[in-house]
Amino acid sequence: MKKVLLSIFAVLTAFVSADACTNMIVGKNASADGSVMVSYNADSYGLFGNLYHWKAGMHAAGEMRQVFDWDSGRYLGEIPEAPVTYNVVGNMNEHQLCITETTFGGRRECRDKNGIVDYGSLIYITLQRATNAREAIKTMTELVTKYGYASGGESFSICDKNEAWIMELIGKGTSEDGKPTGAVWCAIRIPDDCISGHANQARITTFPQAKKVDKALGCYVPNNDVMYSADLIPFARKMGWFEGNDADFSFRAAYHPLTFSGIRACDGRVWSIFRKFTNNMDDYLGYINGDVNADPMPLYVKPNHKVSLREVKDAMRDHYEGTALDPTKDLAAGPYASPYRAPGFKFTGADGRASFNERVVGCVQSGFALVGQLRSWLPDAVGGILWFNCDDATMITYVPVYCCTYEVPEAFSDKIAGPVEFSMKSAFWMNNMVANMVYPRWSVIYPDLREAQNEMDDFFEADQKNTEALVANKNGDDRAKILNDLTASYTQKFMDRWTKLFELIVVKHNDMVVKGMKDGKFLKSETGLAGRAERPNYYTPEYTEEVKKATGDRYLTPAKK
């Protein structure tokens, strides 16, 4: 199991932890092309982004699998291997099953200190064992029941080529005898014509309930779109977290009650994504500003138009632009109107008061970002695309990785670089080189990155028709070989383009000026020297006025006599 640093527990008493993730879910009838889509920004300072892979296999009886905590790499124990396991690349398997997550933490006493399966291992073990979303829910809940759940509360996006689900799950604490205590959970299918999202705040409230447990599944199944554990409500009552009628039970109220930080820094991201696709999200501004008593957002909404793949990608690059929370409009944005903040989310003002910065969707601490596109009308090998890259979603182009890929491209591997091992051949470090040139001078340099991003996004998306035609009449092995090699080719095309982008930024913006260009080439003098550099005033009027207020007449040019 890969060992990665992804510590993402919400702080309930102060402000949200800096380590957190964001998901968006799109039903097949809500998407422009009929695909189910799910996105994931994997956010954590220190996370080295790379593309994980487990090959398909057959396993003998008695063969065991070691389990390591996805956050720390700590050995948790071992479980029996499944007789058959499927090919998994990143967060998608060969059957177009895609699972992502965000952590909400919840009740601290719910963590099972003796649990063997943590949330990360739960995702990747399940991807190796399940073929669709419903099977994945059954697999995940059986694993934590049998072996114990070693993490805090989690929201999972569980999507296949036909259905999209959100499941929220939390453990039941540590038993005195050391035996697994399992978990309580609720899973809700997102309507096909709707979108949903979650970002480190539990999102499920009330839901339809059943009177009898489905014996085959071992859980309540009130209808085709809802499942929940038999002890979900009884356990909350036992712990003193719920009183009243069962019909009024809310998963969120019992296991992750709303706080100012949970709304402002977590649900705020979902609100900003929803706002791009619906017309009434400003009705929830009172709630988004942290009012725990205001009407909360719904779990899912029906978009006002069919959502495209590109719109999902751009939603994961969001910084609240154009909203009441837009961070580019205040003094902290600096002279270059940056949506990013160096101090992180929490800081103390000069008056000693605790303060915070906006927690945006596209953020510096992302290790990797992906959009899973699941297409039922195509063979699985080509139908399932993991649009993937390492680092901040705002700064990357998403590279198509086919779900049958069996060789990780070198640039996406952990063989040539690591969190403190640099390589120019590493996608993680190439993206970071470019991004860290852009961050300090956002309004000046980001347009150059955006141009390259659009160019690559346009090409990769347009080329899928060629790919589909190329493998249309191929058998399984030949099709997999072609798509595996295409994944490598696309990855190299991105690396070549980003190398040129880095070189362009270094030369064009050297020494904080801007060298002139025409038709993609730098202007030169008649004698072949560099053309005259421009020194435009990129400082925003808002920033300039604040500087004047702070400095008085110090920088004021005297009037001519």
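Everything numeric in this text was worked out from a predicted model, so none of it was measured.

Rules of the game
- Residues numbered from 1 in each chain as written.
- Predicted model: local features only at pLDDT ≥ 70, side-chain atom pairs only at ≥ 80, totals over all residues.
- Heavy atoms only, no water.
- 1 Å grid on protein atoms, 1.4 Å probe; cavity = no way out; pocket = protein on both sides within 12 Å on 5 of 7 lines; lining within 4 Å.
- Points joined across faces, edges and corners; volume = space filled by probe spheres on them.
- Helix = DSSP H or I, 4+ residues; strand = E, 2+ residues; numbered from the N terminus.
- Nonpolar A, V, L, I, M, F, W, Y, C, P; charged D, E, K, R; others polar.
- Phe/Tyr/Trp six-rings, centres within 6.5 Å; stacked < 30°, edge-to-face > 60°.
- Buried < 20%, exposed > 50% of the residue type's maximum accessible area, 1.4 Å probe, protein only.
- Lys NZ or Arg CZ within 6 Å of the ring centre and 35° of its normal.
- Polar contact = N/O pair within 3.5 Å; in protein donor to acceptor, adjacent residues only side chain to side chain.
- Contact = heavy atoms within 4.5 Å.
- Axes fitted to C-alpha atoms, helices over the stretch in contact; angles between N-to-C directions.
- Parallel < 35°, antiparallel > 145°, perpendicular 65-115°, else oblique.
- Left-handed = near helix turned anticlockwise from the far one by under 90°.
- Core = buried A, V, L, I, M, F, W, Y, C linked by side-chain atoms within 4.5 Å.
- Disulfide = S-S within 2.5 Å.
- Pairing = 2+ DSSP bridges.
- Salt bridge = Lys/Arg side-chain N within 4 Å of Asp/Glu carboxyl O.

Caption draft 1: The layout of surface pockets, seen in detail. The calculated volume of the largest pocket comes to roughly 330 Å³. In terms of lining residues, the largest pocket is bounded by 20 residues, among which Thr 141, Thr 145, Trp 185, Leu 217 and Gly 218 are the most central. Per-element tally for the lining of the largest pocket: the top contributor is helix 2 (residues 133-147), with seven residues. The class makeup of the residues in the lining of the largest pocket is eight nonpolar, six polar and six charged. Volume-wise, the second largest pocket comes out at about 220 Å³. Tyr 45, Ala 332, Ala 333, Ser 338, Tyr 340, Arg 341, Ala 342, Val 364, Tyr 439 and Pro 440 together form the lining of the second largest pocket. Considered class by class, the residues forming the lining of the second largest pocket number eight nonpolar, one polar and one charged.

Caption draft 2: Representation of the packing of aromatic side chains within the structure. Scanning the model with the defined rule gives 33 aromatic pairs in all. Taking 5.5 Å as the distance between ring centres and 85° as the angle between the ring planes, the aromatic pair formed by Tyr 52 and Tyr 124 counts as edge-to-face. Taken together, the residues Tyr 52 in the loop between strand 2 (36-43) and strand 3 (53-54) and Tyr 124 in helix 1 (residues 119-127) connect sequence positions 72 residues apart. Aromatic side chains Tyr 340 and Tyr 439 sit 4.7 Å apart centroid to centroid with 65° between the ring planes, which places their arrangement in the edge-to-face category. Linking Tyr 340 in the loop between helix 7 (309-315) and strand 19 (346-348) with Tyr 439 in the loop between helix 9 (427-438) and helix 10 (442-462), this pair joins segments that are 99 residues apart in sequence. Relative accessible area serves as the criterion here: at 11%, Tyr 340 is assigned to the buried category. Pairwise contacts between aromatic rings join Tyr 40, Tyr 52, Trp 54, Trp 70, Tyr 119, Tyr 124, Phe 368, Phe 388, Phe 412, Phe 494 and Trp 498 into one cluster. Taking NZ or CZ as reference, Lys 313 lies 3.9 Å from the ring centre of Trp 387, over its face.

Caption draft 3: Region of interest: the side chain of Ser 423. Assignment of secondary structure puts Ser 423 in the loop between strand 23 (399-402) and helix 9. In this structure the side chain of Ser 423 is engaged in a polar contact, spanning 3.0 Å, whose partner is the backbone nitrogen of Lys 425. Among all residues touching Ser 423, those that are not within four sequence positions of it are Ile 416, Ala 417 and Trp 429.

Caption draft 4: Representation of the packing of helix 9 against helix 12 (residues 476-508). Where helix 9 contacts helix 12, the axes come no closer than 10 Å and their chain directions differ by 30°. As far as their axial angle goes, helix 12 and helix 9 are roughly parallel. Read as a crossing pair, helix 9 and helix 12 show a hand that is left-handed. The residues of helix 12 that touch helix 9, namely those facing Ala 427, Met 430, Asn 431, Met 433, Val 434, Met 437 and Val 438, are Phe 494, Met 495, Trp 498, Thr 499, Leu 501, Phe 502, Ile 505 and Val 506. For the contact of helix 9 with helix 12, a count of residues per class yields 13 nonpolar, two polar and no charged.

Caption draft 5: Summary view of the nonpolar core. Membership of the largest hydrophobic core comes to 161 residues, with the highest contact counts inside it found for Met 24, Phe 156, Ile 158, Phe 249 and Tyr 255. In terms of residues, this core owes the most to one element, helix 12, which gives nine residues. Ignoring anything within four residues of it in the chain, the contact list for Tyr 255 reads Phe 104, Gly 106, Arg 107, Ile 170, Val 184, Leu 232, Phe 235, Ala 236, Trp 241 and Phe 249.

Caption draft 6: Layout of the state of the cysteines. A full pass over the atoms with the stated rule returns zero disulfides. A disulfide-free cysteine, Cys 110 has its sulfur positioned 15 Å from the sulfur of Cys 186, the nearest such atom. Judged by its relative accessible area of 1%, Cys 110 is buried. Not engaged in a disulfide, the cysteine Cys 266 finds its nearest cysteine sulfur in Cys 21; these two sulfurs lie 11 Å apart. Residue classification places Cys 266 among the buried positions, given a relative accessible area of 1%.

Caption draft 7: Structural detail: empty space enclosed by the protein. The final tally for this structure, using the stated rule, is two cavities of 30 Å³ or more. In this structure, the largest cavity spans a volume of roughly 110 Å³. In terms of lining, the largest cavity is formed by twelve residues, of which the most central are Tyr 340, Arg 341, Phe 345, Glu 358 and Val 360. Of the residues in the lining of the largest cavity, the class split is seven nonpolar, three polar and two charged.

Caption draft 8: Here's a closer look at the pairing of strand 5 (residues 64-68). For strand 5 and strand 6 (residues 75-80), the ladder comprises five bridges, and the chain directions are antiparallel. Bridging from a neighbouring strand, Phe 68 pairs with Tyr 75 of strand 6. Taking the residues that link successive antiparallel strands as the turn, the strand 5-strand 6 hairpin has six residues, and the phi of Gly 73 there is positive, at about 80°.

Caption draft 9: Just the sheet that holds strand 18 (residues 300-301), in detail. Taken in spatial order, the seven strands make up an open sheet running 18-14-1-2-21-22-23, and their pairing is antiparallel. Of all the strands in the sheet, the pair left with one neighbour each is strand 18 and strand 23. As judged from the four bridges shared by strand 22 (residues 384-390) and strand 23, these two strands associate in the antiparallel manner. Residue Trp 387 lies in a different strand from strand 23, and its bridge partner there is Pro 400. Relative to strand 14 (residues 195-198), helix 5 (residues 260-275) is tilted by about 155°, and along the sheet it contacts strand 1 (22-26), strand 14 and strand 18.

Caption draft 10: Geometry of the pattern of salt bridges. Summed over all chains, the structure comprises 30 salt bridges. Residue Asp 43 is joined to Arg 359 by a salt bridge in which the shortest nitrogen-to-oxygen separation is 2.7 Å. Of the two residues, Asp 43 is situated in strand 2 and Arg 359 in the loop between strand 20 (354-356) and strand 21 (366-374); the sequence distance between them amounts to 316 residues. Here Glu 358 and Arg 264 are joined by a salt bridge, their closest N and O atoms 3.0 Å apart. Remark: Arg 264 occurs in helix 5 and Glu 358 occurs in the loop between strand 20 and strand 21; sequence separation between them is 94 residues. For the pair formed by Glu 358 and Arg 264, the shared burial category is buried. Ionic contacts of the salt-bridge type, sharing partners, join the residues Arg 134, Glu 163, Arg 189, Asp 192 and Asp 225 into one network.

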